[in-house]
Number of protein chains: 2
Amino acid sequence: MNQPCPQHAHPRRLVQQPLSDLTARLRAQSRKITGPRQAILDVLRSHAIPLTNRQIHHALGKSDCDLATIYRTMHTLLEMGLVRRCDFGDGTARFELSDADDPRHHHHLVCRVCNIVVEIDACLPPQLEADLALRHGFSQIAHHLQFFGVCPRCKEHPDAADPAGLPGRPGPRREP
Amino acid sequence: MNQPCPQHAHPRRLVQQPLSDLTARLRAQSRKITGPRQAILDVLRSHAIPLTNRQIHHALGKSDCDLATIYRTMHTLLEMGLVRRCDFGDGTARFELSDADDPRHHHHLVCRVCNIVVEIDACLPPQLEADLALRHGFSQIAHHLQFFGVCPRCKEHPDAADPAGLPGRPGPRREP
DNA sequence: TTTAGTGCAAAACCTTTGCACCCAG
DNA sequence: CTGGGTGCAAAGGTTTTGCACTAAA
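Being a predicted model, the structure only gives us computed values, none of them experimental.

The rules behind these values
- Residues numbered from 1 in each chain as written.
- Chains lettered and ligands numbered in written order.
- Predicted model: local features only at pLDDT ≥ 70, side-chain atom pairs only at ≥ 80, totals over all residues.
- Heavy atoms only, no water.
- Near = heavy atom within 4 Å.
- Polar contact = N/O pair within 3.5 Å; in protein donor to acceptor, adjacent residues only side chain to side chain.
- Helix = DSSP H or I, 4+ residues; strand = E, 2+ residues; numbered from the N terminus.
- Nonpolar A, V, L, I, M, F, W, Y, C, P; charged D, E, K, R; others polar.
- Pairing = 2+ DSSP bridges.
- Axes fitted to C-alpha atoms, helices over the stretch in contact; angles between N-to-C directions.
- Contact = heavy atoms within 4.5 Å.
- Buried area = accessible area lost by both parts, 1.4 Å probe.
- Salt bridge = Lys/Arg side-chain N within 4 Å of Asp/Glu carboxyl O.

(A) Summary view of the protein's contact with DNA strand D. Taken together, 25 residues sit near DNA strand D, with Lys32, Thr34 and Thr69 of chain A together with Tyr71 and His75 of chain B positioned nearest. Across the atoms of DNA strand D situated within 4 Å of the protein, the share located in sugar and phosphate is 68%. Arg37 of chain A places a polar side-chain atom, nitrogen or oxygen, 2.8 Å from a phosphate oxygen of DNA strand D. A distance of 3.2 Å separates a base oxygen of DNA strand D from a polar side-chain atom of Arg72 of chain B. For the surface near DNA strand D, the secondary-structure elements that each account for two or more residues are helix H2 (35–45) and helix H4 (67–80) of chain A together with helix H4 (67–80) of chain B. Of the residues contributing to the surface near DNA strand D, the split by class is seven nonpolar, six polar and 12 charged.

Quick look at the structure:
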């Protein structure tokens, strides 16, 4: 189960953290290494793009771990800094592994048609947040940034949406 | 779209569009000008920050318009380009008026403690999206960007959260 | 008259939570 | 053994939808 997803693999994330590193970080904060947690981390390790809790649940085979456990685990991992949360504007949270020592800050470019996700390293000019802090008196400023567009394939074939079982956004709630 | 971000000097949206302009835009696309719609547009006009559908509903007095109607209306207005959607990362959509002829592109700085919202004009370097398009072959690129931080007042008084009746985020589901 | 828009109620979906049980440490 | 973690079920909040009815054009 939970094979890597070649279509979404990106050079940037090919270097994955070994599972042992992740569990070590759990242990370091005296959290337990359980079956569900290892399985969840393994799913995240084998996918190059942020996943929803439901997608993780599905990748696990549904019987391996309760959905509520996934929600609780993601909270824990988020608090511990092992995962990052992304919002693609559809009201569903997505999570991806966050590197330990090198928290590689990056953003995502999402195709509005087929939901393919590309990891990019474009970012804000570094002094921009400092300027904001100065001008508005805010401290501890961080930002959320994501890009949306139409990918080359969808531009060419405007019909084919969400091909194969690619883990993109969950489809519309109902098909007419 | 994806024009270079016009550096609008207006620090806040003090200059409001007259209601007649908004209804004219509705009429122009042969949509009906109804009581609820005028009331909703009026609420948006009188608030300088993005509102959730629930906040709009509450501002209307609950009896003036059904919540479902607000959801449907926001969809319509979004499609027509009369409003913009903002996501502050709490899983609830927010909407603000979008200027007709001058779609003043801007972003928001949200206080993590009291949820106060400041409209800012800081934005990405204009050529950044063009570079992305070139490098990844995407077209029609747009971005969502929002900043989070701690406002001066909350930095000073770490206790008082969500003062006055400021329409900020609905209370968080859980405490961080 | 025509048809978009509305109110109401119900449902779908995401997320959280209470509780009893289980298992990693 | 002990407390954190889990499964299950139920609930809470947001958003959508079906249907009959209203009202704008």
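(B) Here's a closer look at the sheet that holds strand S4 (residues 107–111) of chain B. In space, the six strands of this open sheet follow the order S5(A)-S4(A)-S6(A)-S6(B)-S4(B)-S5(B), with mixed pairing throughout. The open sheet is flanked by strand S5 (117–120) of chain A together with strand S5 (117–120) of chain B, the only strands paired with a single partner. Adjacent strand axes in the sheet meet at a mean angle of 25°, parallel and antiparallel pairs treated alike. Inspection of the sheet shows S4 of chain B paired to S5 of chain B by four bridges, in the antiparallel sense. Bridging from a neighbouring strand, His107 of chain B pairs with Ile120 of chain B of S5 of chain B. The sheet contacts of helix H5 (residues 127–136) of chain A involve strand S6 (139–150) of chain A together with S4, S5 and strand S6 (139–150) of chain B, and relative to S6 of chain A the element is tilted by about 130°. Strands strand S4 (107–111), S5 and S6 of chain A together with S6 of chain B of the sheet are contacted by helix H5 (residues 127–136) of chain B, whose axis makes an angle of about 130° with S6 of chain B.

(C) A look at the sheet that holds strand S2 (residues 83–87) of chain B. Residue and element names in this part refer to chain B. Pairing in this open sheet of three strands is antiparallel, and the strands run S1-S3-S2 from one edge to the other. Looking at the sheet topology across the chains shown, the edges are occupied by strand S1 (51–52) and S2. Sheet contacts for helix H2 (residues 35–45): S1, S2 and strand S3 (93–97); angle to S3, the most-contacted strand, approximately 85°.

(D) Main features of the protein's contact with DNA strand C. Residues in contact with DNA strand C amount to 27 residues; listed here are only the nearest, Tyr71 and His75 of chain A together with Thr34, Arg37 and Thr69 of chain B. Sugar and phosphate atoms constitute 74% of the interface atoms of DNA strand C, taking the interface as everything within 4 Å of the protein. Thr69 of chain B has a polar side-chain atom sitting 2.7 Å from a phosphate oxygen of DNA strand C. Taking Arg72 of chain B, its side chain carries an N or O atom lying 3.1 Å from a base nitrogen of DNA strand C. Of all the secondary-structure elements, those providing two or more residues to the surface near DNA strand C are H4 of chain A together with H2 and H4 of chain B. Of the residues contributing to the surface near DNA strand C, the split by class is seven nonpolar, six polar and 14 charged.

(E) Region of the structure containing the interface of chain A and chain B. Each side of the interface is counted separately: chain A has 39 residues, and chain B has 38 residues. Both sides together, the interface formed by chain A and chain B hides about 3,100 Å², and carbon and sulfur atoms give 63% of it. Contact with chain B buries area across many residues of chain A, yet Phe138, His144 and Phe147 of chain A alone supply 18% of it, more than any other trio. Summed over the shared surface of chain A and chain B, the result is zero salt bridges. Elements represented by at least two residues in the side of chain A that touches chain B include exactly strand S2 (83–87), S4, S5, H5, S6 and helix H6 (152–156) of chain A. Of all the elements, S6 of chain A adds the most residues to the side of chain A that touches chain B, at 12 residues. Looking at side-chain class alone, the side of chain A that touches chain B contains 21 nonpolar, 11 polar and seven charged residues.

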